[in-house]
Amino acid sequence: QASLTCKDILLFKNLDQEQLSQVLDTMFERKVTPQEHVIDEGDDGDNFYVIERGSHDIVAAKDDQSRCAVCCDNHGSFGELALMYNTPRAATITATTEGALWGLDRVTFRRIILKNNAKKRKTYESFIESVLLLKSLEASERKKVVDVIGQKVYQDGERILSQGDKILIKHKIVTSTEVNQEVEIGRCQRGQYFGELALTTNKPRAASAYAVREVKCLVMDVQAFERLLGPCMDIMKRNITHCEEQLIAMFGSSMDLTNPGI
Ligand code: CMP
């Protein structure tokens, strides 16, 4: 059961088969009830959690609370930061529905995931340095990016992102978009990025992305993106204007991409 739930967890993506089996064998189920605090900000870290089902609120006091209250609905994971960096819990996580989680204890997490991350750092550090967007991050922040990314490979023609998909961030209204006939609006090369627009504007995905031949992507989940790429927001917002111009040129009407749908 845990193996199915954990198959998209980015932190597990670089584990070899044996390491993954060890992790899955060690995981335990934890049932939660509404209003239950799974994690309290400031506590020591005990477990990392993967969501089997149920919704959770994540609130970090250090941040602007309305912006940073992220909710995880039936998928995702949390609780990795305190275990990775030996820091107090950075946010409070409260169950908002009945739910079930898969827990992984601190010792196993550090023994297997962290050991693996050292290898990952070596592999990706120089590539990450060459990504223009990430240049404005501090070196220590770039290391954290490497820690939370996972690698995914897509085959020719495979859909990587779907237009209209919603990104679940609380307090933001999301609307559905009509899917018309698809027109190519651009191609991305090595070192470029995509998928940031919906996260920056809190709108549904404005376009779909497909692999042209085999494509290897480094992927970050929405919470890691919010936590780590805050400092890059200005650069991304600058690029949004360009993206909007491109869409207007194609479709002739303003899609109002810069105005967050709050
Ligand atoms: P940890 O600090 O161990 O415990 C709280 C968890 O909340 C943290 O790990 C992350 O997994 C998660 N989280 C999600 N969003 C944020 C955020 N904006 N700031 C801090 N932690 C967050």
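No experiment lies behind these values; they were computed from the predicted model shown. Within each chain, residue numbers correspond to sequence positions counted from 1 in written order. Residues qualify for local features only when their pLDDT is at least 70, as the model is predicted, and side-chain atom pairs are given and counted only at 80 or more; totals for whole chains, interfaces and linings, by contrast, use all residues. Side-chain numbers come from the whole structure's heavy atoms, not from hydrogens or water.

1. Considering the UniProt feature "binding site: 3',5'-cyclic AMP 1" (unreviewed entry) in the protein
Part 1 of the argument: UniProt positions are given in the numbering used here, feature names are shortened, and annotations may be inferred rather than shown by experiment. Sites flagged by UniProt as "binding site: 3',5'-cyclic AMP 1" (unreviewed entry) map to Glu-80 and Arg-89.
Part 2 of the argument: By definition, any uninterrupted DSSP run of H or I lasting at least four residues is a helix, any uninterrupted run of E lasting at least two residues is a strand, and each is numbered from the N terminus. Residue placement: Glu-80 occurs in the loop between strand 6 (77–78) and helix 4 (81–85).
Part 3 of the argument: Within the secondary structure, Arg-89 sits in the loop between helix 4 and strand 7 (92–95).
Part 4 of the argument: In what follows, a contact means two residues having at least one pair of non-hydrogen atoms within 4.5 Å. Excluding its chain neighbours within four sequence positions, the residues that come into contact with Arg-89 are Ile-39, Asp-40, Glu-41, Gly-42, Asp-43, Asp-44, Gly-45, Asp-46, Asn-47, Gly-79 and Ala-82.

2. Re the pattern of salt bridges
Part 1 of the argument: We count a salt bridge whenever a side-chain nitrogen from Lys or Arg sits within 4 Å of a carboxyl oxygen from Asp or Glu. A complete count under the given rule lists six salt bridges for this structure.
Part 2 of the argument: Between Arg-121 and Asp-147 there is a salt bridge, with the nearest N and O atoms lying 2.8 Å from each other. Remark: Asp-147 occurs in helix 6 (residues 139–148) and Arg-121 occurs in helix 5 (residues 106–129); sequence separation between them is 26 residues.
Part 3 of the argument: With a relative accessible area of 27%, Arg-121 lands in the partly exposed category. The rule is simple: take the accessible area with a 1.4 Å probe, protein chains only, and divide by the maximum for that residue type; under 20% is buried, over 50% is exposed, in between is partly exposed.

3. Some thoughts on the confidence of the model for the protein
Part 1 of the argument: Residues at a pLDDT of 70 or more form 83% of the protein, whose mean pLDDT is 82.
Part 2 of the argument: Here pLDDT means the predictor's own confidence in every residue, given as a number from 0 to 100. Per-residue pLDDT stays below 50 along residues 169–179; that stretch engages in 26 contacts with residues further than four places along the chain or on separate chains.
Part 3 of the argument: Confidence over residues 257–262 falls short of pLDDT 50; this stretch has 18 contacts with residues more than four positions distant or in other chains.

4. Thoughts on the site of the ligand
Part 1 of the argument: Residue proximity to a molecule or strand is established when one non-hydrogen atom of the residue lies within 4 Å of it. Near the ligand, the surroundings consist of 16 residues, among which Gly-79, Glu-80, Ala-82, Arg-89 and Ala-90 are the closest.
Part 2 of the argument: Between N or O atoms, a polar contact is any pair within 3.5 Å; within protein, one atom must be a potential hydrogen donor and the other a potential acceptor, and residues adjacent in sequence are included only when both atoms are from side chains. A distance of 2.5 Å separates an oxygen atom of the ligand from a polar atom in the side chain of Glu-80.
Part 3 of the argument: Within the backbone of Leu-81, one N or O atom sits 3.3 Å away from an oxygen atom of the ligand.
Part 4 of the argument: In these tables, accessible area is a Shrake-Rupley quantity obtained with a 1.4 Å probe, and a residue counts as shielded only by the protein chains included in the view. Computed on the free molecule, the ligand has an accessible area of 450 Å², of which 99% lies beneath the protein chains in the complex.
Part 5 of the argument: Nonpolar residues are Ala, Val, Leu, Ile, Met, Phe, Trp, Tyr, Cys and Pro. Charged residues are Asp, Glu, Lys and Arg, and all others, Gly as well, are polar. Broken down by class, the residue content of the shell around the ligand amounts to ten nonpolar, one polar and five charged.

5. Re the packing of aromatic side chains
Part 1 of the argument: Ring pairs shown here join Phe, Tyr and Trp side chains whose ring centres sit within 6.5 Å, with only the six-membered ring taken for Trp; geometry is labelled stacked below 30 degrees between planes, edge-to-face above 60, and tilted in between. With the rule as written, the count across this model stands at three aromatic pairs.
Part 2 of the argument: Seen from their ring centres, Tyr-49 and Phe-78 are 5.7 Å apart, and the 45° between their planes marks the pair as tilted. Highlighted residues: Tyr-49 in strand 3 (residues 47–53) and Phe-78 in strand 6, separated in sequence by 29 residues. This pair shows no difference in class: Tyr-49 is buried, exactly as Phe-78 is.
Part 3 of the argument: Among the aromatic residues, those joined into a cluster by ring pairs are Phe-12, Phe-48 and Phe-109.

6. Some thoughts on the environment of Ile-112
Part 1 of the argument: Looking at where Ile-112 falls in the secondary structure, it is placed in helix 5.
Part 2 of the argument: In sequence terms Ile-112 and Gln-19 are 93 residues apart; their C-alpha atoms lie 6.7 Å from each other.
Part 3 of the argument: Setting aside anything within four residues of it in sequence, one finds Ile-112 in contact with Leu-15, Gln-19, Gln-22 and Val-23.

7. Here we look at the sheet that holds strand 3
Part 1 of the argument: Paired strands, as defined in this entry, are two strands with at least two bridges between them according to DSSP. One open sheet accounts for four strands, arranged 1-8-3-6; its pairing is antiparallel. Edge positions in the sheet fall to strand 1 (28–32) and strand 6, since each has one partner strand and no second.
Part 2 of the argument: In this structure, strand 3 lies alongside strand 8 (residues 99–105), joined through six bridges in antiparallel fashion. What sits directly across from Ile-51, in strand 8, is Leu-101.
Part 3 of the argument: Strands strand 3 and strand 8 of the sheet are contacted by helix 5, whose axis makes an angle of about 65° with strand 8. In this description, a line fitted to the C-alpha atoms serves as the axis of each element, helices being fitted only across the stretch in contact, and the angle between N-to-C directions of two axes falls anywhere from 0 to 180 degrees.

8. A look at unusual backbone geometry
Part 1 of the argument: One non-glycine residue, Gln-35, lies in the positive phi region at around 75°.
Part 2 of the argument: You can see Gln-35 is positioned in the loop between strand 1 and strand 2 (37–39).
Part 3 of the argument: When its relative accessible area of 62% is taken as the criterion, Gln-35 is described as exposed.

9. Some remarks on the side chain of Gln-19
Part 1 of the argument: Here Gln-19 is to be found in helix 2 (residues 17–26).
Part 2 of the argument: Among the residues examined, Gln-19 registers a relative accessible area of 16% and is labelled buried.
Part 3 of the argument: In this structure Gln-19 touches Ile-112 and Asn-116, once residues within four positions along its chain are discounted.

10. Some points on helix 5
Part 1 of the argument: Helix span is expected to be 1.5 Å times the residue number reduced by one. Here helix 5 is 24 residues long, yet its end C-alpha atoms lie only 30 Å apart, well below the 34 Å a rise of 1.5 Å per residue gives.
Part 2 of the argument: Of all bends in helix 5, the biggest is about 40°, found at Thr-123.
Part 3 of the argument: Within the span of helix 5, buried status applies to Thr-108, Phe-109, Ile-112, Ile-113, Asn-116, Asn-117, Lys-120, Tyr-124 and Ile-128.
Part 4 of the argument: Between the side-chain oxygen of the N-cap and the backbone nitrogen of Val-107 there are 3.1 Å, and the N-cap of helix 5 in question is Asp-105. In this analysis the local bend is the angle between axes fitted, respectively, to the seven residues ending at and the seven residues starting at the residue.

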